[in-house]
4 protein chains.
Amino acid sequence: MNHVILIGRLTRDPELRYTPNGVAVANFTLAVDRPFSNQEGAREADFIPVVVWQKLAETCANHLHKGRLVAVDGRLQIRSYETQDGQRRRVAEVVAANVQFLDRAGEARRTTPTGDAGSDASDDLGGDDFGEINLDDLPF
Amino acid sequence: MNHVILIGRLTRDPELRYTPNGVAVANFTLAVDRPFSNQEGAREADFIPVVVWQKLAETCANHLHKGRLVAVDGRLQIRSYETQDGQRRRVAEVVAANVQFLDRAGEARRTTPTGDAGSDASDDLGGDDFGEINLDDLPF
Amino acid sequence: MNHVILIGRLTRDPELRYTPNGVAVANFTLAVDRPFSNQEGAREADFIPVVVWQKLAETCANHLHKGRLVAVDGRLQIRSYETQDGQRRRVAEVVAANVQFLDRAGEARRTTPTGDAGSDASDDLGGDDFGEINLDDLPF
Amino acid sequence: MNHVILIGRLTRDPELRYTPNGVAVANFTLAVDRPFSNQEGAREADFIPVVVWQKLAETCANHLHKGRLVAVDGRLQIRSYETQDGQRRRVAEVVAANVQFLDRAGEARRTTPTGDAGSDASDDLGGDDFGEINLDDLPF
DNA sequence: TTTT
DNA sequence: TTTT
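Residues numbered from 1 in each chain as written. Chains lettered and ligands numbered in written order. Predicted model: local features only at pLDDT ≥ 70, side-chain atom pairs only at ≥ 80, totals over all residues. Heavy atoms only, no water.

As a further point, take the pattern of salt bridges. One pass over the structure, following the stated rule, counts 24 salt bridges over all chains. Two residues, A:Arg68 and A:Asp103, come together in a salt bridge whose shortest N-O distance is 2.6 Å. Taken together, the residues span a long stretch of sequence, with A:Arg68 in the loop between helix H1 (54-63) and strand E5 (69-82) and A:Asp103 in the loop between strand E6 (88-101) and strand E7 (129-132) at a distance of 35 residues. With respect to class, A:Arg68 is no different from A:Asp103; both count as buried. Notably, a salt bridge pairs C:Glu93 with C:Arg79, separated by 2.6 Å at the nearest N-O pair. With C:Glu93 in strand E6 (residues 88-101) and C:Arg79 in strand E5 (residues 69-82), this residue pair connects regions lying 14 residues apart in the sequence. Relative accessible area serves as the criterion here: at 6%, C:Glu93 is assigned to the buried category. According to the relative accessible area criterion, C:Arg79 is partly exposed, its value standing at 39%. (Salt bridge = Lys/Arg side-chain N within 4 Å of Asp/Glu carboxyl O. Helix = DSSP H or I, 4+ residues; strand = E, 2+ residues; numbered from the N terminus. Buried < 20%, exposed > 50% of the residue type's maximum accessible area, 1.4 Å probe, protein only.)

Below, the structure written as structure tokens:
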């Protein structure tokens, strides 16, 4: 069992790429407020990397932008890689199974001058919910 | 909202330390099986760092050992620190609010020759459950 | 382990009462969309009873109203009671540990003509988050 | 969003049935310990109905028995039905997407004299995990 | 109705 | 590096 559930805001627009096999993958970071204040009385946040695959990746890239509030559920994955000088480094990220919009498209600040979340008819949200993917079907 | 729920086995005995203010903190890593197999048909695992505070830290240090199966719930925290050569590095860890034993003490392989989980009377487990701490009371 | 996490909208204003010992308790029902459509292609919802205790109950009663979108986390409780004709009946409800506002107060339809969520200074939300209570402190 | 995560013990063996369309469905109840003690100092439990569909239903029926410890994740569903005298009644149950074994088959008390969880080769557990189903594929 |  |  490995479940992560987050509510937070995107710190930047999602980045959409494709694997050599043509599988869509999108990355973004969520700013998630901590449940307490620090010694200076300020509310800090955790900046949590999220990765999304397949159709959900394209839907996120089409509709999500910096500042949007979303709920993400998925699993916590630790990827291990080697740096150029041979050091082992780990990176943690949440592999999202589901992403749910929590504010209306018009409210978030738009950062891409040419994009238009409203006019894209290539995927139908069916409400605020991006639908769910089966984690077992993921290409990795 | 920031919730993480894991079931996995400790890769090593917990490490117990104390902050300068005398607050107990324990660290261990959980091996959590992934829900699918890789291309070679092998079941991989994520190795997820867990940190536990206060009385729960001491209870974990007293009763948990390498190989024990536990359920952890908490929140995902991203800590940022600087290396000696001035690089910014990030580390993700699960701050546990609750840890639940899922196998009997006798089943797990013991790694510390002198330790004795059974004879420590300083904390009473009241069953398999370590109890719950309030994340808002944590000293950080 | 018993964790429930919901995102949904209040079907009515919360009802606030007090136990004989003076402990505040609020009840409301959340409409939570199901992740799929039924045979007619319509999206149904589950109507899930939520109970909130102590200060969190008063904060919910002061600030939540019919139609508001919230995230709730807590545990699933099955209460058993006897009807007047001696039948045993069960009721399930989510005992909330935390409630998080997910839309601004002005957006939701107001149903109480005299209430004013904005002018109540008796509790400070400190943002959108009601804070967290310790389930172990609950009076039942 | 609607997520439930439970760890508890089966109060009875699962009941396996088939819908008119031949879809397998299994029911069982989990006893989930509450995180606190009542006024008499006793630890109570919630008795939570769980429903499992399709292949996972048959796997549960084949391998789970009264007393087994499992972790369940799924969603909370409120079904509404009418009694013979025309009253509207609600029943809550957790629709499981995943069920994970948390103790070995040999440890739990067996209640069915002829059953043999070990000799059934019709489904391979691949460890302790029943695999995951996609809630969107469910036949209801 | 209930599990350990 | 970061969101409101």
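We now examine the interface of chain A and chain B. Listed as interface residues are 25 residues of chain A and, on the opposing side, 25 residues of chain B. Taken together, the two surfaces of chain A and chain B that pack against each other cover about 2400 Å², and 57% of this comes from carbon and sulfur. Linking chain A with chain B are 2 salt bridges, by the criterion used here. With a shortest N-O distance of 3.6 Å, A:Asp46 and B:Arg75 are connected by a salt bridge. For the interface between chain A and chain B, the tally reads 8 residue pairs in polar contact (both at pLDDT 80 or more). Elements supplying a minimum of two residues to the side of chain A that touches chain B: strand E1 (2-10), strand E3 (24-37), strand E4 (43-53), E5 and E6 of chain A. A total of 6 residues in the side of chain A that touches chain B trace back to one element, the largest contributor, which is E1(A). Looking at the side of chain A that touches chain B, its residues break down into 17 nonpolar, 3 polar and 5 charged. Looking at chain direction, E1(A) and strand E1 (residues 2-10) of chain B are connected through 5 bridges and run antiparallel. Counted as the bridge partner of A:Ile5 is B:His3 from E1(B). (Contact = heavy atoms within 4.5 Å. Buried area = accessible area lost by both parts, 1.4 Å probe. Polar contact = N/O pair within 3.5 Å; in protein donor to acceptor, adjacent residues only side chain to side chain. Nonpolar A, V, L, I, M, F, W, Y, C, P; charged D, E, K, R; others polar. Pairing = 2+ DSSP bridges.)

Once that is clear, we can look at the relation of the copies chain A and chain B. The transform that puts chain A on chain B rotates by 180 degrees and translates by 0.1 Å along the axis, for an RMSD of 0.1 Å. In the structure described here, the two chain copies are related by an operation that fits a two-fold rotation axis. Residue A:Val4, judged by its C-alpha, is the member of chain A lying nearest the rotation axis, at 2.2 Å. Here 100% of the contact residues of chain A are again contact residues in chain B; the copies associate through an equivalent surface. (Least-squares fit on C-alpha atoms with pLDDT ≥ 70 in both.)

Among the 11 residues in the neighbourhood of DNA strand E, the closest are listed as C:Arg88, C:Arg90, D:Arg9, D:Ala31 and D:Phe47. Counted by atom, the contact set of DNA strand E within 4 Å of the protein is 54% sugar and phosphate. Within the side chain of D:Arg9, one N or O atom sits 3.2 Å away from a sugar or linking oxygen of DNA strand E. Counting residues per element, the ones that place at least two in the surface near DNA strand E are E6 of chain C together with strand E1 (2-10) and strand E4 (43-53) of chain D. Across the surface near DNA strand E, the residue classes tally to 4 nonpolar, 2 polar and 5 charged. (Near = heavy atom within 4 Å.)

Turning to the pairing of strand E5 (residues 69-82) of chain B, a few remarks are in order. Residues in a regular strand project their side chains so that they alternate between the two faces of the sheet. Residues and elements named next belong to chain B. Where burial is concerned, most of E5 is hidden: 10 out of the 14 residues are buried. Inspection of the sheet shows E1 paired to E5 by 6 bridges, in the antiparallel sense. When the sheet's bridge partners are listed, Arg9 is paired in E5 with Leu69. The pairing of E5 with strand E6 (residues 88-101) spans 13 bridges and is classified as antiparallel.

Here we take up the environment of C:Arg79. Residue and element names in this part refer to chain C. Each C-alpha atom of the pair Arg79 and Phe36 lies 29 Å from the other, and the pair is 43 residues apart in sequence. Aside from chain neighbours lying at most four places away, what touches Arg79 is Arg89, Arg90, Val91 and Glu93. Polar contacts involving the side chain of Arg79 include one to the side chain of Glu93, which spans 2.6 Å.

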